[in-house]
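Summary of the model geometry
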There are 2 protein chains.
Amino acid sequence: MELWYTEKQTPHVGITCKISRTLHTEQTPYQHLAMIDTEQFGRMLVLDGMVMTTVQDEFVYHEMISHVALNTHPNPEQVLVIGGGDGGAIREVVKHASVKKATLVEIDARVIETSKEYLPEISSALSGNPRVEVVVDDGIAHVKKTRGVYDVILVDSTEPIGPAEGLFALDFYRDIFAALKDDGIMVAQTESPFFNADLIRRVYKDMRRVFPITKLYLAAVPTYPSGLWSFTMGSKRWDPEQVEEEKIPALGTKYYSADIHKAVFKLPRFVRDLLE
Amino acid sequence: MELWYTEKQTPHVGITCKISRTLHTEQTPYQHLAMIDTEQFGRMLVLDGMVMTTVQDEFVYHEMISHVALNTHPNPEQVLVIGGGDGGAIREVVKHASVKKATLVEIDARVIETSKEYLPEISSALSGNPRVEVVVDDGIAHVKKTRGVYDVILVDSTEPIGPAEGLFALDFYRDIFAALKDDGIMVAQTESPFFNADLIRRVYKDMRRVFPITKLYLAAVPTYPSGLWSFTMGSKRWDPEQVEEEKIPALGTKYYSADIHKAVFKLPRFVRDLLE
């Protein structure tokens, strides 16, 4: 018997993956969580029926949500990751020697615990790293009570429905602005330009009301809807396109590089058009 | 009743699309051909169970297989498209004022005829354009009998199984080299770096044995396996990365631009690594 997992990525298109084994499923207080083993992508974390990460292609998303901001900031010491309970973004953050403390604020403890159990390659930085602090809390509440603390904040959220809805709102970007230091930078994952044009347009417009520098960049993630993913950066001072490439360190990455840092801001015309 | 079309893109992963209507199916002398109407991507041409093109996302592939080479060559006049019976590449080729003749050599007349009938937006240049010649013939045979004729040759093939197998071979690249003028350029579609690393590596190596300049570039095509697609360029003289951006004309494109022309050669590290 062949088992296939199918995610409807929109009401009209989906990805389907052959499963070798279902490792774990549960209803957490926040969402349905499944850990499955797929033939193509290895182990896969699925929340509310949406692929969050897989062992095979996670490097793209986790490198690209982290290193662009961390190499744009000249000296990132205090870094906050909101969401991202699988630990992949934090793993990339602590590759930067300048980082003194990387804080993960994830609302769902079960995401953290099951990732530690089933995704050791991805969650490795969540245990036993003295520079990493893991907090189980609402990211919105955490940011609201914080002022001028962080150099970089990464919003590694699920889709903008269910628990993550408030992470795509103007008020949240204002709170992030206040939680950042005077030259801080934020990056949020902002879905697919092929399937989520309206969301991208709205988030970009909202962030531009808050941050002096707002830029969108792209990366190719096979297991995400359409395969093309966007990230939106809000920056108080530093322009990611002005970084000197020679200053970008080698970090053992598989997708990101000094070249890619610059190239990802050159947007296909239809993406550039939807920001105007 | 909901109907979904599912393509197994590898033995372990697939794309599935909701169908509003099946417009046409047939077994041609070369392959199984289906024209279906999908909710997400509009009309879709499927050959041997693989998505070839859709009305919604065809612009990416057709612009990117054409304009990079046509803007790298300083004066492309004679252009050959091998395969590409849907007409999308030819439609982009004739946007260039310098092009005096664009020849399409497609082995399967039924692809041309059904594209004219069901995909008018894509096939528009195949009828009534005095600069376009449509030839129903084997691309390999056509190239073999041609010497020093073309400025640009585009290999717009299906996957390297079935009728297109010979379009991914060293001998074919040698014949293309001979069919090009002294400063000619070829581009071939070369599959996904996530799923077809071995093919990309082999084609790149083979082309490098034939052409002094060989470069790979990428574009995001949602309906193709993994969503990330590669093109390999072989050039006798002109380097696509040395083109002056100011000289690149506006061509009414939705993906390609002068910016994108340069950026697509900046490869993710894992892609760069597989070429070394």
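Note that the structure is a prediction, hence the values are computed from the model and not measured.

**Some thoughts on the UniProt feature "binding site: S-methyl-5'-thioadenosine" (unreviewed entry) in chain A**
Residues and elements named next belong to chain A. UniProt's entry tags Gln31, Glu106, Asp138, Gly139 and Pro163 with the feature "binding site: S-methyl-5'-thioadenosine" (unreviewed entry), counted in the numbering of this structure. Topologically, Gly139 is positioned in helix α5 (residues 139-144). Contact partners of Gly139, with chain neighbours within four places excluded, come to Ile82, Val105 and Phe172. Take Pro163: it is sitting in the loop between β9 (150-156) and α6 (170-179). For Pro163, a relative accessible area of 34% corresponds to the partly exposed category. Excluding anything up to four places from it in sequence, Pro163 contacts Tyr30, Gln31 and Asp48.

**Details of the sheet that holds strand β7 (residues 101-106) of chain B**
All names here are of chain B. Sheet architecture is open: seven strands sit in the order β8-β7-β6-β9-β10-β12-β11, paired in mixed fashion. The open sheet has two edge strands with one neighbour each: β8 (132-136) and β11 (213-220). Taken pair by pair, the neighbouring strands of this sheet meet at an average axis angle of 15 degrees, ignoring direction. Relative to β7, strand β6 (residues 78-83) is paired through five bridges, and the arrangement is parallel. Looking across to β7, one finds that Val81 is bridged to Leu104. Running at roughly 140 degrees to strand β10 (residues 180-189), helix α6 (residues 170-179) makes contact with β6, β9 (150-156) and β10 of the sheet.

**Some thoughts on the sheet that holds strand β10 (residues 180-189) of chain A**
All names here are of chain A. The seven strands are arranged β8-β7-β6-β9-β10-β12-β11 in an open sheet whose pairing can be described as mixed. At either end of the open sheet lies a strand with only one pairing partner, and these are β8 (132-136) and β11 (213-220). Averaged over neighbouring strand pairs, the angle between their axes works out to 15 degrees when direction is ignored. Relative to β9, strand β6 (residues 78-83) runs parallel, the two being bridged by five bridges. Bridging from a neighbouring strand, Ile82 pairs with Val155 of β9. The sheet contacts of helix α1 (residues 58-72) involve β6, β9, β10, β11 and β12 (228-235), and relative to β9 the element is tilted by about 160 degrees.

What counts and how
- Residues numbered from 1 in each chain as written.
- Chains lettered and ligands numbered in written order.
- Predicted model: local features only at pLDDT ≥ 70, side-chain atom pairs only at ≥ 80, totals over all residues.
- Heavy atoms only, no water.
- UniProt positions renumbered as here; feature names shortened; annotations may be inferred.
- Helix = DSSP H or I, 4+ residues; strand = E, 2+ residues; numbered from the N terminus.
- Contact = heavy atoms within 4.5 Å.
- Buried < 20%, exposed > 50% of the residue type's maximum accessible area, 1.4 Å probe, protein only.
- Pairing = 2+ DSSP bridges.
- Axes fitted to C-alpha atoms, helices over the stretch in contact; angles between N-to-C directions.

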